[in-house]
Amino acid sequence: MSARSDLLDRAAVEASAHTTEPLLQRSLTRYRLDGLDAGALTAELHPLTLLAQQVFDADFAAVHILDGARQVRVAASAGTPLTVSRRSTSVCHQLLSKHEGSTAFVTQDARVDPLLQDGQWMGSEDVDVRFYAAAPLIGAEGAPLGALCVWSRTPAAASDVR
């Protein structure tokens, strides 16, 4: 990909984010998801994260909500840290922006996936994501609120990806 097309791609993503931001904030307020702390919905959503982790035989599963400049991990399976991170660099935000946020996303190996391989969270010492799958959480207004994500430190075989 040329530097020019990469720049145009980033500009399109930023323009899309600016047009959906007011809708996202209204949706977060409607569902009382704005201003949540990490782990705020663990009691309610832990069974969902556990099921997702088991279905995909993944190391980790979590529900992420995008709120302002933050990505908040509001629920997670056992062993998955509850965190708040910068939205702009989160894998959830990148996929919802680049992947149009309306369909599930699955990659066998994030290190070689064109949508993910440039992410700072791929292959770092503290987060080595290889298999990754996410299903967007879409509000009634059509805004992507976040995603249910599963990931592992090892790539998945083609027959394992469901």
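In what follows, the accompanying structure is described. Computed from a prediction, not measured in an experiment: that's the story for all the values here.

In terms of helices and strands, the chain carries three helices and six strands. In sequence order, the chain lays out its α and β elements as α-α-β-β-β-α-β-β-β. Counting every position in the chain, which comprises 162 residues, the buried fraction comes to 41%. Long-range contacts, defined as pairs at least 24 residues apart, comprise 57% of the intrachain contacts of the chain with a sequence gap of at least 6. About 8800 Å² of surface is accessible on the chain, with carbon and sulfur atoms providing 55% of the total.

Okay, the sheet that holds strand 5 (residues 131-138) next. The antiparallel open sheet is built from six strands, whose spatial order is 3-2-1-6-5-4. Two strands bound the open sheet, and with one partner strand each, they are strand 3 (84-86) and strand 4 (105-107). Going across the sheet, the axis of each strand differs from the next one's by a mean of 25°, ignoring polarity. The pairing of strand 2 (residues 70-76) with strand 3 spans three bridges and is antiparallel. Directly across from Arg70, in strand 3, lies its bridge partner Arg86.

Further remarks concern the pattern of salt bridges. Throughout the structure, instances matching the rule amount to four salt bridges. Residues Arg87 and Glu21 are paired through a salt bridge, measuring 3.0 Å at the closest nitrogen-oxygen approach. With a gap of 66 residues between them, Arg87 in the loop between strand 3 and helix 3 (91-98) and Glu21 in helix 1 (residues 3-30) connect regions that are remote in the sequence. Arg87 gets classed as buried once you look at its relative accessible area, which sits at 9%. Overall, the relative accessible area of 21% leaves Glu21 in the partly exposed class.

Another point: the nonpolar core. Within the largest apolar cluster, 37 residues are counted, with the highest numbers of intra-cluster contacts made by Leu33, Val74, Leu116, Tyr132, Val150 and Trp151. Among the elements of the structure, helix 1, strand 1 (60-67), strand 2, helix 3, strand 5 and strand 6 (144-152) are those that each provide at least two residues to this core. Contact partners of Val150, with chain neighbours within four places excluded, come to Ala52, Gln53, Phe56, Ala58, Phe60, Ala61, Phe131, Tyr132 and Ala133.

Both faces of the sheet carry side chains from a regular strand, because those side chains alternate between them. For strand 1, the tally of buried residues reaches eight of eight residues, placing the bulk of the element in the interior. Side chains Phe60, Ala62, His64 and Leu66 project from strand 1 onto one buried face, and the interleaved Ala61, Val63, Ile65 and Asp67 project onto a second face that is buried too. Pairing of strand 1 with strand 6, which is carried by six bridges, proceeds in the antiparallel orientation. Bridge assignment links His64 to a residue of strand 6, and that residue is Ala147. As paired strands, strand 1 and strand 2 are joined by six bridges and run antiparallel to one another. Looking across to strand 2, one finds that Ile65 is bridged to Val72. Joining the antiparallel neighbours strand 1 and strand 2 is a turn of two residues, in which Gly68 adopts a positive phi near 60°.

Procedures and definitions
- Residues numbered from 1 in each chain as written.
- Predicted model: local features only at pLDDT ≥ 70, side-chain atom pairs only at ≥ 80, totals over all residues.
- Heavy atoms only, no water.
- Helix = DSSP H or I, 4+ residues; strand = E, 2+ residues; numbered from the N terminus.
- Buried < 20%, exposed > 50% of the residue type's maximum accessible area, 1.4 Å probe, protein only.
- Contact = heavy atoms within 4.5 Å.
- Areas by Shrake-Rupley, 256 points an atom, 1.4 Å probe, with all protein chains shown as cover.
- Pairing = 2+ DSSP bridges.
- Axes fitted to C-alpha atoms, helices over the stretch in contact; angles between N-to-C directions.
- Salt bridge = Lys/Arg side-chain N within 4 Å of Asp/Glu carboxyl O.
- Core = buried A, V, L, I, M, F, W, Y, C linked by side-chain atoms within 4.5 Å.

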